[in-house]
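# Residue-level structural notes
Single-letter residue listing:
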Amino acid sequence: MSTATASGPPRLDQKISHRADKSFATLATASGIFILVTLAFVAIFLTAESIPALTADTEELPGGNGFWAYAGPLLFGTIWASVLAMIVAVPLSIGIALFISHYAPRKLAEALGYVIDLLAAIPSVVYGLWGIAVFAPALVGFYQWLAENLSFIPFFAGPASSTGRTILTASLVLAIMILPIMTAFNRSAFLQTPRLHEEAALALGATRWEMIKMTVFPYARSSIIAGSMLGLGRALGETMAVAMVLSTSGGLVTFNLISSANPSTIAANIALQFPESSGLAINALVATGLVLFIVTFGVNFIARWIIGRRAEFSGAN
Amino acid sequence: MTTSTRFPVPAAPERTIDVVQPSLPRAFTFGAMGFALVVGVGAYLLLGNYVAGGVGVFLGYLIPVYVASRVRESKRRATDRFWTIVMTAAFVIAVTPLISLLVTVVMEGAARFDVEFFTSDMRGVAGEGGGALHAIIGTFMITSLAAVISIPVGIMTGVYLVEYGRGPLARGVTFLVDVMTGIPSIVAGLFAFALFAFLVGPQYRSGFMGAIALTVLMIPTVVRATEEMLKLVPNELREASYALGVQKWRTITRVVIPTALAGIVTGVVLAIARVIGETAPLLLAAGFTSTVNWNPFEGRMTALPVYSYYQYVTPGFPPETGFERSWTAALVLVIIVLGLNLFARWVAVRFSPKKS
């Protein structure tokens, strides 16, 4: 900057520090490029390791009916478990976020937010242990009741699992695990509602719920959708809790929620099979991982797109 | 009753107009709570499952309060009360598993929370005894390696995005960091496997390989935290520094980063807390062994979450001994993670720049 106006050739120390400035900028840019390269590597190496499985003869693969016959039920299980988790987690996270942002005493609100964040901090293997030891057994009675009284609904056809380790249990654990990220997202969106809108609604005599319905929800709608998509991305990829809690039978596609024969998920299947696999079986697992990567990529892409669109027109952030 | 005779008024009606709207007395809501408990216990005893009990408590409170409010207050107030109860219930539903989980981990984990657990590994242990020394060392080494790689790259990328990044490259990096945040942990493990299968061979497993998998998960968290904190640094500080003739890189290292340091440290600690509990990628990349391994570049290395998982899946005989080790490992893990979280909050509060 100053070298242009200085008379005569630049002094040595200026040159040196200019070089330092340059190299720092280069270092920062290189870090950014490093991330590009890493992600490219992830895609390239996953694809490279998948190709043997995608091109192999059908009977050489696990199951013996080709790759998609192997990956299809797993993909179904992944999406089914995640959808169930979302059905529970979306309304719940909105409720929790509203409770913290608009119902709880102001002084407590932050502490309650931390409590919800703690749910995200618990490692998934601990959720798995808890799911097997406490949560699944606690639900056995409920599943038996469902099987006895509501078995005309295909979801509850039964027979009820005696361990409680069903896809519904796994989905509920998933729901608990994705609640924090969705709640955090919703909460920050709710808190961004213009204060004046809220006060105007209250001044007109609206009750608290009417105020929320009129001012908070319209403002936060796209954030709720985006946060839910991020939660969905988490649910699709969650591994250990599902691998431990769910009792599976291979290649099954069923909507039955409460029996002990359940479809597995891609992530759980990889974790369970990988340590004992070798050769082409590993390639097949990597290929299912690639499918999972593409699905989560798509979900996250849509979520980010919604967030980006919102940031543009609302002027927030 | 009026004493004035100059302005005779018609006898006042018994009912007066309430300035304040009628509202349910507090005692009623407490009564409803008691009633709800009775209904909940009744439903549990009748149907024999916890879900029925929970639904019983919920409805046992919701219905009386709603009906009473509808009768005594108004339809709108009743709706308001209805939703207040639903929101509170949502929060209770979320906190219940957290409490249950923490209580269970402490109770089950306490059995083997002894000196032997922290001072011995699993060499030659089939039943009682044994410990997780090798797993604790493994977790420490793998996480440190991942942190050593991720923290500089993450912070420098954050600096790039906030201070230098313009144009398509910066937009691309921002986008890909978002994508990376969403990579499932198991895919990160598969990536580490695929990378080292290409570089070394498909049989290779090591602590370093696990660290690479964790790096993929950790970098985006560090980038995000750094980016957000640097954005909070007021531009006036940078301009003041430039006005004094300080160069850009010195401004960044001496002015911008120190101002944001507390936030960055918080973000980094939270990122470490996130990856320290990761099981799936390490299961694939670092493998499992029963002895202490000090060399992260050669031989399999057990991490604490993987140890907990394997002790549960292959508990040995009698199985209770394995289950107990598994729970104790989970307890140690929860203590570490919660400790890191508390530490991060403390840093954020203690060292944040004072607001004037």
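Note that the structure is a prediction, hence the values are computed from the model and not measured.

Turning next to the overall build of chain A. When you go through chain A residue by residue, the secondary structure sums to 10 helices and zero strands. A compact globule built from 317 residues would reach a C-alpha radius of gyration of about 20 Å, whereas chain A, at 26 Å, exceeds it by more than 25%. Counting only C-alpha atoms, chain A reaches 90 × 70 × 30 Å along its principal axes. Put simply, of all contacts in chain A between residues at least 6 apart along the chain, 78% involve residues at least 24 apart.

Residues and elements named next belong to chain B. According to the domain assignment, chain B consists of domain 1 (26-111) and domain 2 (119-351). The straight-line distance from the C-alpha centre of domain 1 to that of domain 2 is 39 Å. Residue-level contacts link five residues of domain 1 with six residues of domain 2. When the residues that make up the side of domain 1 that touches domain 2 are grouped by side-chain class, the tally is three nonpolar, one polar and one charged.

With that settled, the discussion passes to the interface of chain B and chain A. Across the boundary between the two partners, chain B contributes 77 residues, which contact 71 residues of chain A. Sort the elements by how many residues they give to the side of chain B that touches chain A and helix H3 (residues 75-109) of chain B lands first, with 20 residues. Across the side of chain B that touches chain A, the residue classes tally to 53 nonpolar, 19 polar and five charged.

When pLDDT is averaged across chain A, the result is 85; 92% of the residues are at 70 or more. Confidence drops under a pLDDT of 50 for residues 1-6 of chain A, and excluding neighbours within four residues, the segment shows three contacts in the predicted structure.

Moving on, we come to helix H10 (residues 248-276) of chain B. With 29 residues, H10 of chain B should cover 42 Å at 1.5 Å per step; its first-to-last C-alpha distance of 35 Å lies more than 12% under that length. A bend of about 60° at Leu261 of chain B is the largest found in H10 of chain B.

The next thing to look at is the nonpolar core. Of all hydrophobic cores here, the largest spans 194 residues; its most connected members are Val126, Leu174 and Ala271 of chain A together with Phe191 of chain B. The leading source of residues in this core is helix H2 (residues 67-103) of chain A, at 19 residues. Three or more residues apiece are contributed to this core by two domains, here domain 1 (26-111) and domain 2 (119-351) of chain B. Ala32, Ala36, Tyr61 and Val65 of chain B belong to the second-largest nonpolar core, a separate cluster that totals seven residues.

With that settled, the discussion passes to the packing of helix H7 (residues 185-199) of chain B against helix H8 (residues 207-232) of chain B. Residue and element names in this part refer to chain B. Two numbers describe how H7 lies on H8: the axes approach to 8 Å, and their chain directions differ by 135°. By the angle between their axes, H7 is oblique relative to H8. Crossing geometry of H7 relative to H8 is assigned as right-handed. On the side of H7, the interface is formed by Ser185, Ala188, Gly189, Phe191, Ala192, Leu195 and Phe196, while H8 contributes Met209, Ile212, Ala213, Val216 and Leu217. In the contact of H7 with H8, the residues fall into 10 nonpolar, two polar and no charged.

Moving on, we get to the confidence of the model for chain B. Residues and elements named next belong to chain B. Mean pLDDT over chain B works out to 87, with 93% of the residues at or above the 70 mark. Mean pLDDT across the elements of chain B bottoms out in helix H6 (residues 167-181) (87) and peaks in helix H5 (residues 133-164) (93). Across the assembled chains, the prediction reports ipTM 0.86 with pTM 0.87.

Residue and element names in this part refer to chain B. You can see Gly56 is positioned in helix H2 (residues 50-72). Gly56 sits in the buried class, given 22 other C-beta atoms within 10 Å. With 18 residues separating them in the primary sequence, Gly56 and Val38 have C-alpha atoms 8.6 Å apart. Residues contacting Gly56, with those up to four places away along its chain left out, are Val39, Gly40, Gly42, Ala43 and Tyr44.

Attention shifts here to unusual backbone geometry. Geometrically, the link from Phe317 of chain B to Pro318 of chain B is a cis peptide bond, its omega value of -10° lying close to zero. The residue Pro318 of chain B is located in the loop between helix H12 (304-313) and helix H13 (319-351) in this model.

For the rest of this paragraph, the subject is H5 of chain B. The periodicity of an α-helix, 3.6 residues per turn, causes residues three or four positions apart to be oriented the same way. Helix length check: H5 of chain B (32 residues) gives 45 Å between terminal C-alpha atoms against 46 Å at 1.5 Å per residue, within 8%. At Ser150 of chain B, H5 of chain B shows its strongest bend, of approximately 30°, with the proline Pro152 of chain B following within four residues.

Reading the values: rules and limits
Residues numbered from 1 in each chain as written. Chains lettered and ligands numbered in written order. Predicted model: local features only at pLDDT ≥ 70, side-chain atom pairs only at ≥ 80, totals over all residues. Helix = DSSP H or I, 4+ residues; strand = E, 2+ residues; numbered from the N terminus. Rg over C-alpha atoms; globule rule 2.2 N^0.38 Å. Contact = placed C-beta atoms within 7 Å. Domains from an automatic or database assignment. Nonpolar A, V, L, I, M, F, W, Y, C, P; charged D, E, K, R; others polar. pLDDT = per-residue confidence, 0-100. Expected span 1.5 Å × (residues − 1). Bend = angle between axes of the 7 residues up to and from the residue. Core = buried A, V, L, I, M, F, W, Y, C linked by C-beta atoms within 7 Å. Buried ≥ 20, exposed ≤ 12 C-beta atoms within 10 Å, placed from the backbone. Axes fitted to C-alpha atoms, helices over the stretch in contact; angles between N-to-C directions. Parallel < 35°, antiparallel > 145°, perpendicular 65-115°, else oblique. Left-handed = near helix turned anticlockwise from the far one by under 90°.

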